[in-house]
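Listed here are the chains, written in short residue letters.
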Amino acid sequence: MATGKVRYWAAAKEAAGTAEETFEAATLGELMTKITRDRAELARVVSRSSFLVDGTPVGRRPHDEVVLGDGVTVEVLPPFAGG
């Protein structure tokens, strides 16, 4: 089980009610389950978001296959609107 921090940006930050929090999870899939439990709005935002793990894009990899190491930073990036 890895420990680390998750950072929320834009709409994810608003839905989470915080910019950052610590976590314990082995995979990105497990982390997403934990952070969205009892947080419906965050779950909605997360379902449309992309993720960086220590600055590396997760892309289309299944979240249950993205193993998290100790001290990792996961960033939740909702879709951004441009203008």
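Everything below is about the structure printed above this text.
We now turn to the structure provided with this report. Since we're looking at a predicted model, the values are computed, not measured.

We now examine helix α2 (residues 28-36). Here α2 has its buried residues at Leu28, Gly29, Leu31, Met32, Ile35 and Thr36. Each buried residue of α2 sits inside an arc of 160 degrees when the element is viewed along its axis, so together they form one side. Summarising the contacts, the buried residues of α2 are in contact with β1 (2-8), β2 (20-25), α3 (40-46), β3 (50-53) and β5 (72-77).

Attention now goes to the pattern of salt bridges. Proximity of charged atoms lets side chains of opposite charge pair with each other. The tally for this structure, following the rule as stated, stands at 4 salt bridges. The salt bridge involving Lys34 is made with Glu30; its shortest N-O contact spans 3.4 Å. One end of the pair, Lys34, and the other, Glu30, are both in helix α2, 4 residues apart, so they sit about a helical turn from each other. Under the relative-accessibility criterion, Lys34 is labelled partly exposed at 33%. Across the salt bridge formed by Arg44 and Glu41, the nearest N and O atoms sit 2.4 Å from each other. With Arg44 and Glu41 both in helix α3 and 3 residues apart, the pair spans about one turn of that helix. For Arg44, a relative accessible area of 42% gives the class partly exposed.

Here we come to the environment of Gly4. With respect to the helices, strands and loops of the structure, Gly4 is situated in strand β1. Using a relative accessible area of 15% as the deciding quantity, one classes Gly4 as buried. For the pair Gly4 and Val53, spaced 49 residues apart in the sequence, the C-alpha separation amounts to 10 Å. Other than its neighbours up to four places away in sequence, Gly4 contacts Glu21, Thr22, Phe23, Gly71 and Val72.

Cut-offs used in this document
Residues numbered from 1 in each chain as written. Predicted model: local features only at pLDDT ≥ 70, side-chain atom pairs only at ≥ 80, totals over all residues. Heavy atoms only, no water. Buried < 20%, exposed > 50% of the residue type's maximum accessible area, 1.4 Å probe, protein only. Helix = DSSP H or I, 4+ residues; strand = E, 2+ residues; numbered from the N terminus. Arc of directions from axis to C-beta. Contact = heavy atoms within 4.5 Å. Salt bridge = Lys/Arg side-chain N within 4 Å of Asp/Glu carboxyl O.

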